[in-house]
Amino acid sequence: MYKAKAYAATSATSPLAPHTIERREPTPTDVRIEILFCGVCHSDLHLVRDEWKAAMPAVYPLVPGHEIVGSVTAVGPGVKRYRTGELVGVGCQVDSDGTCPDCLAGHEQLCANAVLTYNAPDKHTGGVTYGGYSESVVVDERFVVRIPESLDPAGAAPLLCAGITTYAPLRRQRVGRGTRVGIVGLGGLGHMGVKLAHAMGAEVHVLTTSAHKREDAHRLGADAVIVTRDPGQMSRHAGTLDVIIDTVSAAHDLNPYLELLSHHGHLTLVGIPEQPFVIPAFSLLSGERSISGSVNGGLPETQEMLDFCGEHGITADVEIIPIQRVNEAFERLVKADVKYRFVIDMASLKA
Ligand code: NAP
Ligand code: ZN
């Protein structure tokens, strides 16, 4: 074991603060990564504040972070795919059983024995896993992905969660030329959804509560912007969208969004508000619409998404912050004041 600097929350109400954690020395199949950048996902905030306690209680001290980009500094003797000095990424999972039908299909995110990057039982240490708000991490090479060299490393970090979480349902819904896609919420996930759906050739509609994000939405690739607090704009677009990806982090009424779907249109929930939804049957029956959920993505699809982003020159629009400002970033996330992903420059942790 070795000691690593990190930022941790020690309770649901305490701010993130400097903390020292223990990491394992690399096993034969492990890669040790010096973390250069880590994105700030709204899930980090939900978990730090124990907002998902019913499904996923927080264990403190909690070190969040699952949008990790860094440089390989050591590899175990059995590591085949990575070498020292390479630029790599780690997303939402760091382990799975590797043998179940989901793992064999490349859907590690669905494995019953998947291990999340933080706040999950760590079979190596007997404690919990610690995430990317830290100077380094040790991960089995199976859960390490390659960052295309053409991409800016800070802008690439959010692809590891926000990117794959929107890419996967867009692909599952076979979004392409001619598909009318609605992206609800222009935050970290939402702005990636806009860029990706646009690059796939879709007609992209941004559904936002923030009228002032209109210009940005167009710059990011939106063909149309609907301000959802304006009932006139909502009713004008009723029944027009084929696919909606809902990225909203807070409680909201789904019914106005379902009304935007065409017949047989489909809404995928990726946002995870603390409170459950109420869905009247008629919202789905009329138009035979459907709803599903989606959780980040498996390793093959994550690498596919990164390569797609490499080909299309897609990265997140980031506001780079020192780790000392992460609590301020959390406060701004709650206010939907993010353009469009905070990314921590981990050099600040060494200072
Ligand atoms: P974020 O950057 O904070 O963006 C959320 C956006 O939702 C806000 O910018 C805002 O956009 C909109 N919004 C906020 N409050 C709203 C309200 N009351 N009604 C309607 N819209 C509202 O968050 P994020 O990092 O993108 O994460 C979004 C959600 O996805 C979180 O719940 C997170 O935990 C979840 N998530 C899920 C997965 C998965 O695998 N399924 C992965 C990562 C994250 P506008 O200003 O445009 O309205
Ligand atoms: Zn995330």
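Rules and cut-offs
- Residues numbered from 1 in each chain as written.
- Chains lettered and ligands numbered in written order.
- Predicted model: local features only at pLDDT ≥ 70, side-chain atom pairs only at ≥ 80, totals over all residues.
- Heavy atoms only, no water.
- Helix = DSSP H or I, 4+ residues; strand = E, 2+ residues; numbered from the N terminus.
- Rg over C-alpha atoms; globule rule 2.2 N^0.38 Å.
- Contact = heavy atoms within 4.5 Å.
- Buried < 20%, exposed > 50% of the residue type's maximum accessible area, 1.4 Å probe, protein only.
- Arc of directions from axis to C-beta.
- Pairing = 2+ DSSP bridges.
- Axes fitted to C-alpha atoms, helices over the stretch in contact; angles between N-to-C directions.
- Donors = N, O, S within 2.8 Å, 3.2 Å for Na, K, Ca; no water.
- Near = heavy atom within 4 Å.
- Polar contact = N/O pair within 3.5 Å; in protein donor to acceptor, adjacent residues only side chain to side chain.
- Nonpolar A, V, L, I, M, F, W, Y, C, P; charged D, E, K, R; others polar.
- Salt bridge = Lys/Arg side-chain N within 4 Å of Asp/Glu carboxyl O.

## Thoughts on the overall build of the protein
When you go through the protein residue by residue, the secondary structure sums to twelve helices and 17 strands. The C-alpha atoms of the protein give 20 Å as radius of gyration, which agrees with the globular expectation for 351 residues (20 Å, within 12%). With the principal axes as the frame, the protein shows a C-alpha extent of 60 × 40 × 35 Å. Pairs at least 24 apart in sequence give 67% of the contacts found in the protein among residues at least 6 apart.

## Looking at helix α11 (residues 326–334)
For α11, the full list of buried residues reads Val326, Ala329, Phe330, Arg332 and Leu333. In an axial view of α11, the angular spread of the buried residues amounts to 165°, which keeps them on one side of the axis. Considering only its buried residues, α11 is in contact with β1 (2–8), α1 (42–48), β16 (318–322) and β17 (341–345). Just downstream of α11, Ala336 is the residue with a positive phi angle, here 55°.

## With respect to the sheet that holds strand β10 (residues 180–184)
Here we have six strands laid out as an open sheet, ordered β12-β11-β10-β13-β14-β15, and parallel in their pairing. In this open sheet, the two edge strands, each paired with only one partner strand, are β12 (224–227) and β15 (290–293). Along the sheet, successive strands turn relative to each other by an average axial angle of 20°, direction set aside. Across five bridges, the pairing between strand β13 (residues 241–246) and strand β14 (residues 261–269) is parallel.

## Some details on the coordination of the zinc ion (ligand 2)
For the zinc ion (ligand 2), the full set of protein donor atoms is Cys41 (SG), His66 (NE2) and Cys161 (SG), at a range of 2.0 to 2.2 Å. Along the chain, the residues donating to the zinc ion (ligand 2) fall in the pattern C-x24-H-x94-C. Of the two residues, His66 sits in the loop between α1 and β4 (68–75) while Cys161 sits in the loop between α3 (153–156) and α4 (162–172), which places them 95 residues apart along the sequence. The same class applies to His66 and to Cys161, which are both buried.

## Let's talk about the site of ligand 1
His42, Thr208, Thr209, Ser210 and Arg341 are the nearest of the 31 residues found near ligand 1. Take Val270: an N or O atom from its main chain is 3.0 Å from a nitrogen atom of ligand 1. One nitrogen or oxygen atom from the main chain of Ile272 is found 2.9 Å from an oxygen atom belonging to ligand 1. Within the residue set of the shell around ligand 1, elements represented by two or more residues are α1 and α5 (188–199). Tallying contributions element by element places α1 first for the shell around ligand 1, with three residues. Residues that form the shell around ligand 1 fall into these classes: 14 nonpolar, 15 polar and two charged.

## Some words on the environment of Ala224
Here Ala224 lies in strand β12. Considering only alpha carbons, one finds Ala224 and Leu62, 162 residues apart in sequence, at a separation of 40 Å. Once residues lying within four places of it in the same chain are set aside, the contact partners of Ala224 are Val204, His205, Val206 and His218.

## What about the pattern of salt bridges?
In total, this model carries 19 salt bridges according to the counting rule given. Connected through salt bridges with shared partners, the residues Lys195, Asp216, Arg219, Asp317 and Lys339 form a single ionic network.

## With respect to unusual backbone geometry
For the peptide bond that leads from Tyr60 to Pro61, omega is -5°, which places it in the cis range. With respect to the helices and strands, Pro61 occurs in the loop between α1 and β4. For the bond from Lys339 to Tyr340, the omega torsion is -15°, close enough to zero to count as cis. In the Ramachandran plot, Arg174 falls in the positive-phi region, its phi being about 55° despite a non-glycine side chain. Mapped onto the elements, Arg174 comes out in the loop between α4 and β10. For Glu288, which is not glycine, the phi dihedral falls at a positive 45°. Tracing the sequence through the fold places Glu288 in the loop between α9 (281–285) and β15.

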